[in-house]
Amino acid sequence: MTNATKAGTRASTKAGTDHPRLPRTRQGSPPSLLLTLLGDYWWGHDEPLPSAALVELLADFGVSDVAARAALSRMVKHGLLATTRSGRNTFHGLTQHAQDVLSDGADRIFGFGADDGEDWAGRWSVVAFSVPEANRAVREALRTRLRWLGFAPLYDALWVSPHEHHAEALAELVALGVTAATAFVATAPDLPSTVPPQSAWDLDGLATMYQAFVDEWEPTHAALGRGSIDPVDALVRRTELMDAWRAFPGLDPELPTSLLPAGWPRPRARELFLDTYDRLGIPASARVREVLAGHAPELAERVAQRSTPPVLPGPG
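Computed from a prediction, not measured in an experiment: that's the story for all the values here.

## Side note on the sheet that holds strand β2 (residues 81-86)
Strand pairing in a sheet is mediated by backbone hydrogen bonds. Such pairs are either parallel or antiparallel. Judged by pairing direction, the sheet is antiparallel, and its 3 strands sit side by side in the order β1-β3-β2 without closing on themselves. Pairing within the sheet leaves two strands with one partner each, and these edge strands are β1 (49-50) and β2. Across 2 bridges, the pairing between β1 and strand β3 (residues 89-94) is antiparallel. Looking at β3, one finds that L49 is bridged to H92.

Below is the structure:
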């Protein structure tokens, strides 16, 4: 693995994997929590919610009133929330832009890991580009978007993906104004003394991260079986679970099974995520409904937790 890849993996792990079309937010920050809460319990609804209810929900995560209202203002500034007023009360709702981006992100997050790649044809998407070192903002944005698409740098400006996402990669390059670029699909011959494309990813590091995820969340899954998680705790844990899982799509390219080490831990981690997320949904949505009922009772019954797709069996 190249030094550039190691550095990129560390940066992605530290920063999390917010959708590249959203402003960068720190994992667990008030804006990140708000997006997750609205996406999980108020998805697809046009009605704005009382800002006081959103502030109260953030308080369950230890966020102060001042920090919560600052987060709301920041999200309005970035075009993620729209503000309306009724008398002395303020309401906030997701903009269409935020809805579209969150929908795309949800498809990626919940679908991630469902395909074991057994029918992989051995074809790699390859993207090469040149961006001046001085144009650091474009370089960082491009790296973030390419990682979201499942690419990683085999060399500094030569990125690869086991999936045919070259068209999407070119679209991102065009959107960022990068014209010195090319993309193509290729196979990698098994020759001695060559660097295999899969070396662009730190598979040992990924396996360690998956195992850490399983170790962290198995106790919560067991507690659900005993019925020992109250609604507030369920809301906090479910949101933290989503924050933890959504890091993986930006780090793991979903290499086909034939390129992975034996006993790859992603299928177990994915099954644990989906089942825990779904089972936490009932008490968590009850907490959201309770808070909203105190501010807008007519909206409380519209709260519903987002559900996940069925768990597909992992490779035997």
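## A few points about the sheet that holds strand β6 (residues 158-161)
Within the open sheet, the 4 strands sit side by side as β5-β6-β4-β7. Their pairing is antiparallel. This sheet does not close on itself; its edge strands, each paired only once, are β5 (152-155) and β7 (181-187). Put simply, the sheet's adjacent strands are angled 35° from each other on average, direction ignored. Sheet topology note: the strand β4 (residues 123-129)/β6 ladder contains 4 bridges and is antiparallel. Note on β6: the bridge partner recorded for S125 is S161. Along the sheet, helix α6 (residues 136-148) makes contact with β4, β5 and β6, crossing β6 at roughly 20°. Across the sheet, helix α7 (residues 166-175) is in contact with β4 and β7; its angle to β7 comes to roughly 170°.

## Notes on empty space enclosed by the protein
Space left empty within the atom packing is revealed by a probe, the size of a water molecule, rolled over the atoms. This model, assessed by the stated rule, comprises 3 cavities of 30 Å³ or more. A volume near 90 Å³ is recorded for the second largest cavity. Looking at the second largest cavity, the residues that line it are L37, L38, Y41, W42, L49, A53, L54, L57, V288, L292 and V303. When contributions to the lining of the second largest cavity are tallied by element, the ones reaching two or more residues are α2 (30-41), α3 (51-59) and α10 (266-293). Taken together, the residues of the lining of the second largest cavity break down into 11 nonpolar, no polar and no charged.

## Topic: the packing of aromatic side chains
Aromatic ring pairs are described here by two measures, namely the spacing of the ring centres and the angle between the planes. Taken as a whole, this structure holds 14 aromatic pairs when the rule is applied. Measuring from centroid to centroid gives 5.4 Å for W120 and W124, while their planes differ by 85°, and the two rings are edge-to-face. Note on Y210 and F248: the rings are 4.3 Å apart at their centroids and 10° apart in plane angle, and the pair reads as stacked. Of this pair, Y210 sits in helix α8 (residues 203-226) while F248 is found in the loop between α9 (231-245) and α10, placing the two residues 38 residues apart along the sequence.

## A few points about the confidence of the model for the protein
Averaged over every residue, the pLDDT of the protein is 85; residues scoring 70 or more account for 88%. Taken together, the stretch residues 1-17 has pLDDT below 50 and engages in 27 contacts with residues farther than four places along the chain or on a different chain. Confidence over residues 310-316 falls short of pLDDT 50; this stretch has 9 contacts with residues more than four positions distant or in other chains.

## Re the pattern of salt bridges
When the charged atoms of two side chains with opposite charge come close together, those side chains can pair. Using the criterion set out here, one finds 14 salt bridges in the structure. R268 serves as the salt-bridge partner of E218, at 3.0 Å between the closest nitrogen and oxygen. Taken together, the residues span a long stretch of sequence, with E218 in helix α8 and R268 in helix α10 at a distance of 50 residues. Judged by its relative accessible area of 33%, E218 falls in the partly exposed class. Relative accessible area serves as the criterion here: at 36%, R268 is assigned to the partly exposed category. Where D275 meets R279, a salt bridge forms, and the shortest distance between an N and an O atom there is 3.5 Å. Separated by 4 residues within a single helix, D275 and R279 lie in helix α10, roughly one turn from each other. Owing to a relative accessible area of 30%, D275 belongs among the partly exposed residues under this scheme. When salt bridges that share partners are traced, they join R139, E140, R143 and D156 into one network.

Procedures and definitions
- Residues numbered from 1 in each chain as written.
- Predicted model: local features only at pLDDT ≥ 70, side-chain atom pairs only at ≥ 80, totals over all residues.
- Heavy atoms only, no water.
- Pairing = 2+ DSSP bridges.
- Helix = DSSP H or I, 4+ residues; strand = E, 2+ residues; numbered from the N terminus.
- Axes fitted to C-alpha atoms, helices over the stretch in contact; angles between N-to-C directions.
- Contact = heavy atoms within 4.5 Å.
- 1 Å grid on protein atoms, 1.4 Å probe; cavity = no way out; pocket = protein on both sides within 12 Å on 5 of 7 lines; lining within 4 Å.
- Points joined across faces, edges and corners; volume = space filled by probe spheres on them.
- Nonpolar A, V, L, I, M, F, W, Y, C, P; charged D, E, K, R; others polar.
- Phe/Tyr/Trp six-rings, centres within 6.5 Å; stacked < 30°, edge-to-face > 60°.
- pLDDT = per-residue confidence, 0-100.
- Salt bridge = Lys/Arg side-chain N within 4 Å of Asp/Glu carboxyl O.
- Buried < 20%, exposed > 50% of the residue type's maximum accessible area, 1.4 Å probe, protein only.

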